[in-house]
Amino acid sequence: MKNTVKKIIIITSYIEKKFDMKASISSEDLIICADGGYDIAASEGIRPHLVIGDLDSIKSSIPDDIKINKFNPEKDFTDLELALKTAAETDCRAVEIWGGMGGRLDHTISNIQLLSKYTASFDSLVMKDGQSSCFAVCGRKDLSVEIPASKNCYLSLFSLTEKCCGVCIDGVKYPLSDHTLVNTFPLGVSNEFTKEKAVLSLKNGTLLIVISEK
């Protein structure tokens, strides 16, 4: 592992819409491939520092000098969670998950649950591909989150807990003030930016924020 890490990038085995991944990596980033994510990394000319998982879906040959943490396929943790657990053991507090959305619905739901579980372990935990990005926010009284406006994108809010109380959002077409969002009514879907940034606050609950290209 690298001693000084700016952010940790976890490449998953499925990226529905690719982007210029190689250009998004700096020399200070630590790259972890979750199982078949290594095939994607190899196809993009990206050399990871670690490959982790049960390795049941990798088709490429991994060079001997790349570190591998192999696990039994009969395990309680998904390959992505193994990667997140590894990231949480480092001093780095910024993590990007590349992929993890689209494809198999069960995997997508599992990965969103992991966002909810691990968001408190990092200062920044984002899951993204070339179409969408998402992250979770845990409510507290002094919380204020600024979300930079993304051109031609929707901004959606979903309650991951039974309810999210005290939801306020400004800088959008449909603002909310001290609102309660519940996990059975998707009121927060497909909002739009009206200012250079949206400002979000939340008193309690866990909220999923999704930014998607139109």
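Here, every reference points to the structure presented above.
So, how was this worked out
- Starting from 1, residues in each chain are numbered consecutively following that chain's sequence as written.
- Confidence filtering applies because this is a predicted model: local features only for residues at pLDDT of at least 70, side-chain atom pairs given and counted only at 80 or more, and all residues used for totals across whole chains, interfaces and linings.
- Note that the side-chain values use all heavy atoms of the structure and ignore hydrogens as well as water.
- Two strands pair under a simple rule: DSSP has to find at least two bridges between them.
- Only runs of H or I of at least four residues qualify as helices and only runs of E of at least two qualify as strands under DSSP, and these elements are numbered from the N terminus.
- Every angle, taken between N-to-C directions, lies between 0 and 180 degrees, and every axis is a line fitted to C-alpha atoms, over only the stretch in contact when it is a helix.
- Seen with its strands pointing away from the viewer, a crossover is right-handed when the path leading from the first strand over the helix to the second is clockwise.
- What is meant by a nonpolar core is a set of buried Ala, Val, Leu, Ile, Met, Phe, Trp, Tyr and Cys residues, joined one to another through side-chain atoms within 4.5 Å.
- When a residue's accessible area, from a 1.4 Å probe over protein chains only, is under 20% of the maximum for its type it is buried; when over 50% it is exposed; and in between it is partly exposed.
- In this analysis, two residues are considered to be in contact whenever any of their non-hydrogen atoms come within 4.5 Å of each other.
- For Phe, Tyr and Trp, where Trp contributes only its six-membered ring, two rings pair if their centres lie within 6.5 Å, and the inter-plane angle classes them as stacked under 30 degrees, edge-to-face over 60, or tilted in between.
- Sitting over a ring, as applied to charges here, requires NZ of Lys or CZ of Arg to be within 6 Å of the ring centre and within 35 degrees of the ring normal.
- Each polar contact in these results corresponds to two N or O atoms within 3.5 Å; when the atoms are within protein, one needs to be able to donate a hydrogen and the other to accept it, and residues that are neighboring in sequence are counted only if both atoms are side-chain atoms.
- What goes into a patch is any residue over 30% in relative accessible area without a salt bridge, connected to like charges within 9 Å or, for nonpolar side chains (Val, Leu, Ile, Met, Phe, Trp, Tyr), within 5 Å.
- Here, Shrake-Rupley sampling with a 1.4 Å probe gives the accessible areas, and only protein chains in the shown set may cover a residue.
- Think of a salt bridge as a Lys or Arg side-chain nitrogen and an Asp or Glu carboxyl oxygen that are within 4 Å of each other.

### Side note on the sheet that holds strand S11 (residues 176-182)
Line of reasoning, step 1. As summarised here, the arrangement of the four strands in space is S8-S13-S10-S11, forming an open sheet in which the pairing is antiparallel. Only two strands of the sheet have a single partner each, and these edge strands are strand S8 (145-148) and S11. Mean inter-strand twist for the sheet, computed between neighbouring axes without regard to direction, equals 30°.
Line of reasoning, step 2. Bridging between strand S10 (residues 163-170) and strand S13 (residues 197-201) involves three bridges; their strand directions are antiparallel. Bridge assignment links Asp170 to a residue of S13, and that residue is Val199.

### What about the pairing of strand S5 (residues 94-98)?
Line of reasoning, step 1. Looking at chain direction, strand S1 (residues 8-11) and S5 are connected through four bridges and run parallel. Looking across to S5, one finds that Ile10 is bridged to Ile97.
Line of reasoning, step 2. Note that the unit made of S5, helix H3 (residues 105-118) and strand S6 (residues 124-128) has a crossover that is right-handed.

### Topic: the nonpolar core
Line of reasoning, step 1. Counting 25 residues, the largest nonpolar core has Ile8, Ile10, Ile32, Leu84, Val95 and Leu125 as the members making the most contacts within it.
Line of reasoning, step 2. Per-element accounting of this core gives the leading share, five residues, to helix H2 (residues 79-88).
Line of reasoning, step 3. For Val95, the contacting residues outside a window of four places in its chain are Ile8, Ile10, Leu84, Ala87, Phe122, Ser124, Leu125 and Val126.
Line of reasoning, step 4. The next biggest cluster of nonpolar side chains, apart from the first, holds 21 residues, and it includes Val137, Ile147, Leu200 and Ile211.

### With respect to the packing of aromatic side chains
In this description, a pair of aromatic rings is defined by centroid distance and the angle of the planes.
Line of reasoning, step 1. Per the counting criterion, the structure on display carries one aromatic pair.
Line of reasoning, step 2. Aromatic side chains Phe19 and Trp98 sit 5.1 Å apart centroid to centroid with 80° between the ring planes, which places their arrangement in the edge-to-face category. Pair noted here: Phe19 is in the loop between S1 and strand S2 (30-34) and Trp98 is in strand S5, with a separation of 79 residues, a long-range link.
Line of reasoning, step 3. Residue classification places Phe19 among the buried positions, given a relative accessible area of 18%.
Line of reasoning, step 4. With relative accessibility at 0%, the residue Trp98 sits in the buried group.
Line of reasoning, step 5. We note Lys85 situated over the ring of Phe77; from NZ or CZ to the ring centre the distance is 4.6 Å.
Line of reasoning, step 6. Sitting above the plane of the Phe19 ring, Lys128 keeps its charged end 4.9 Å from the centroid.

### Remarks on the side chain of Asn191
Line of reasoning, step 1. Relative to the assigned elements, Asn191 resides in strand S12 (residues 191-192).
Line of reasoning, step 2. Looking at Asn191, its side chain comes within polar contact range of the main-chain nitrogen of Lys173, at 3.4 Å.
Line of reasoning, step 3. In terms of polar contacts, Asn191 uses its side chain to reach the backbone carbonyl oxygen of Tyr174, at 2.8 Å.
Line of reasoning, step 4. Sequence-distant contacts of Asn191, that is, excluding residues within four places in its chain, are made with Cys153, Tyr154, Leu155, Ser156, Val172, Lys173 and Tyr174.

### Quick notes on a nonpolar patch on the surface
Line of reasoning, step 1. Nonpolar side chains collect at one region of the surface, where Val182, Phe185 and Leu187 lie side by side and expose about 260 Å² of accessible area between them.
Line of reasoning, step 2. Turning to its location among the elements, Leu187 is positioned in the loop between S11 and S12.

### Quick notes on the sheet that holds strand S9 (residues 153-159)
Line of reasoning, step 1. In space, the ten strands of this open sheet follow the order S4-S3-S2-S1-S5-S6-S7-S14-S9-S12, with mixed pairing throughout. With one partner strand each, in any of the chains shown, strand S4 (67-70) and S12 form the two edges of the open sheet.
Line of reasoning, step 2. Sheet topology places S9 next to strand S14 (residues 206-213); seven bridges connect them, and they run antiparallel. Bridge assignment links Phe158 to a residue of S14, and that residue is Leu208.
Line of reasoning, step 3. Seen against the sheet, H2 touches S1, S2, strand S3 (50-53), S5 and S6 and runs at an angle of roughly 130° to S3.
Line of reasoning, step 4. The sheet contacts of H3 involve S5, S6, strand S7 (132-138) and S14, and relative to S6 the element is tilted by about 170°.

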